[in-house]
Amino acid sequence: MAAARTKNPNPVPSVWTRQKREPDQPSLSRGAIVREAVAMLDAEGIEALSMRKLGARLGAGATSLYRHVATKDELMELAVDEVAAEVHVPAIEGADWRAAATGAAASFRAAALRHPWLSSVLGQAGLAYLGPNLMAFSERLAALFTAAGFPEPNRAAEPLLSYVIGISTTEAAWLTTVARSGETEAEFLARLLPAARQAAAPYEHLAVEYAVETADPVALREEKFRYGLETVLDGLALRLPR
């Protein structure tokens, strides 16, 4: 048993901890597989993704895909890292670290809303954070907080990321529900509000909240995101050495 464990060439189950089984073939590269998987995830969601369906979209059998990606879990790691390349971390201009952190958070949120599946799978996609794009993003974020003067830059980045991932997950789920209705966000909200107000009526504080008219739901989501982000940054600012 011990000898078998010793011979295991990939003791940690992640695409980033093993070598590719063979060089990419021009007709079906790992990059092409991942890009098509991202397109499928964006259009149909996580539940619809399978190696068989993906192979059919690429005009190849699932067996051909397995030469490049061993499992669906590995495919999800690769898909997460693929879209992580879209996240931008601005450089600090002068001493304004908050503006740079705000830009990074906004860029992450924008990517998460373009790819509604992203936030919900980040914590489930194995060791996705070992991918080169997520590594580069984490490095740039650590450099930002280092330049800002935080003695523990990685720990300073964690609450920012936790907030953005959390609110993006909720926001993406809401927008997915809206998209399935076939209505605009404003139309869907207008249809939902009477039932929501009725449900909130017995609760003093919730009733006040739901009584507010919402003319622009996009602006409201943006306002909520900014409020929470400013609260997180206010807390982080207290950790800076005086």
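Cut-off values and rules
- Residues numbered from 1 in each chain as written.
- Predicted model: local features only at pLDDT ≥ 70, side-chain atom pairs only at ≥ 80, totals over all residues.
- Heavy atoms only, no water.
- Helix = DSSP H or I, 4+ residues; strand = E, 2+ residues; numbered from the N terminus.
- Buried < 20%, exposed > 50% of the residue type's maximum accessible area, 1.4 Å probe, protein only.
- Areas by Shrake-Rupley, 256 points an atom, 1.4 Å probe, with all protein chains shown as cover.
- Core = buried A, V, L, I, M, F, W, Y, C linked by side-chain atoms within 4.5 Å.
- Contact = heavy atoms within 4.5 Å.
- Axes fitted to C-alpha atoms, helices over the stretch in contact; angles between N-to-C directions.
- Parallel < 35°, antiparallel > 145°, perpendicular 65-115°, else oblique.
- Left-handed = near helix turned anticlockwise from the far one by under 90°.
- Patch = residues over 30% accessible without salt bridge, like charges linked within 9 Å, V, L, I, M, F, W, Y side chains within 5 Å.
- Salt bridge = Lys/Arg side-chain N within 4 Å of Asp/Glu carboxyl O.
- Polar contact = N/O pair within 3.5 Å; in protein donor to acceptor, adjacent residues only side chain to side chain.
- Phe/Tyr/Trp six-rings, centres within 6.5 Å; stacked < 30°, edge-to-face > 60°.

Student: Outline the overall build of the protein chain, listing residues and values.
Tutor: Helix and strand counts for the protein chain stand at twelve helices and zero strands. Listed N to C, the secondary structure of the protein chain is α-α-α-α-α-α-α-α-α-α-α-α in terms of helices and strands. Looking at the protein chain residue by residue over its 242 residues, the buried ones come to 37%. Element-wise, carbon and sulfur atoms account for 57% of the exposed surface of the protein chain, whose accessible area totals about 13900 Å².

Student: Before we move on, could you go through the nonpolar core and cite the residues and values that matter?
Tutor: Among the nonpolar cores identified, the biggest contains 51 residues, and Trp97, Trp117 and Phe145 are the most heavily contacted of them. Residue assignment for this core shows that the elements contributing at least two residues are helix 2 (30-44), helix 3 (51-57), helix 5 (72-84), helix 6 (97-114), helix 7 (118-122), helix 8 (132-148), helix 9 (153-181) and helix 12 (217-237). The element contributing the most residues to this core is helix 6, with eight residues. Those residues in contact with Trp97 that sit more than four places away from it in its chain are Ile92, Leu144, Phe145, Ala148, Phe150, Leu233, Leu236, Ala237 and Leu240.

Student: An account of the packing of helix 8 against helix 9 is needed here, citing residue identities and associated values.
Tutor: For the pair helix 8 and helix 9, interaxial distance at closest approach is 8 Å and the crossing angle is 110 degrees. One element, helix 8, and the other, helix 9, form an angle in the roughly perpendicular class. The interaxial crossing formed by helix 8 with helix 9 has right-handed handedness. Side by side, helix 8 and helix 9 meet where Phe137, Leu141, Ala142, Phe145 and Thr146 of the first sit next to Pro153, Asn154, Ala156, Ala157, Leu160 and Leu161 of the second.

Student: Please give an account of a nonpolar patch on the surface that cites residues and values.
Tutor: A surface patch of nonpolar side chains, about 290 Å² in accessible area, is lined by Tyr129, Leu130 and Met135. Taking relative accessible area as the criterion, Met135 reaches 42% and is therefore assigned partly exposed.

Student: Got a sec to walk through the side chain of Thr102? Specific residues and values, please.
Tutor: Along the chain, the position of Thr102 falls in helix 6. Within the local environment of Thr102, its side chain forms a polar contact with the backbone oxygen of Arg98, the two atoms lying 2.8 Å apart. Excluding anything up to four places from it in sequence, Thr102 contacts Arg226, Leu229, Glu230 and Leu233.

Student: Tell me what's going on with the packing of helix 10 (residues 185-200) against helix 12, and back it up with residues and numbers.
Tutor: Close contact between helix 10 and helix 12 brings their axes to 9 Å; oriented N to C, the two are set at 85 degrees. It follows that helix 10 is roughly perpendicular to helix 12 by the angle criterion. Residues Glu185, Ala186 and Leu189 of helix 10 lie in contact with helix 12, whose contacting residues are Pro217, Val218 and Arg221.

Student: Before we move on, can you summarise the pattern of salt bridges with the specific residues and values?
Tutor: Enumeration according to the criterion identifies twelve salt bridges in this entry. Linking Glu44 and Arg57 is a salt bridge whose minimum nitrogen-to-oxygen distance equals 3.1 Å. Of this pair, Glu44 sits in helix 2 while Arg57 sits in helix 3, placing them 13 residues apart in sequence. Taking the shortest distance from any N to any O, the salt bridge between Asp234 and Arg98 comes out at 2.9 Å. With a gap of 136 residues between them, Asp234 in helix 12 and Arg98 in helix 6 connect regions that are remote in the sequence. A relative accessible area of 41% means that Asp234 is categorised as partly exposed. Accessibility expressed as a relative area gives 22% for Arg98, which makes it partly exposed.

Student: Tell me about the packing of aromatic side chains, and please be specific about residues and values.
Tutor: Using the criterion set out here, one finds six aromatic pairs in the structure. Relative to Phe145, the ring of Trp97 lies with its centre 6.2 Å away and its plane at 55 degrees, an arrangement referred to as tilted. Here Trp97 is found in helix 6, whereas its partner Phe145 is found in helix 8, with 48 residues between them in sequence. With respect to burial, Trp97 and Phe145 carry one shared label: buried. An angle of 45 degrees between the planes, with centres 5.8 Å apart, marks the rings of Phe108 and Phe137 as tilted. Of this pair, Phe108 sits in helix 6 while Phe137 is found in helix 8, placing the two residues 29 residues apart along the sequence. A residue is classified by how much of its surface remains accessible, and Phe108, at 6% relative accessible area, is buried.

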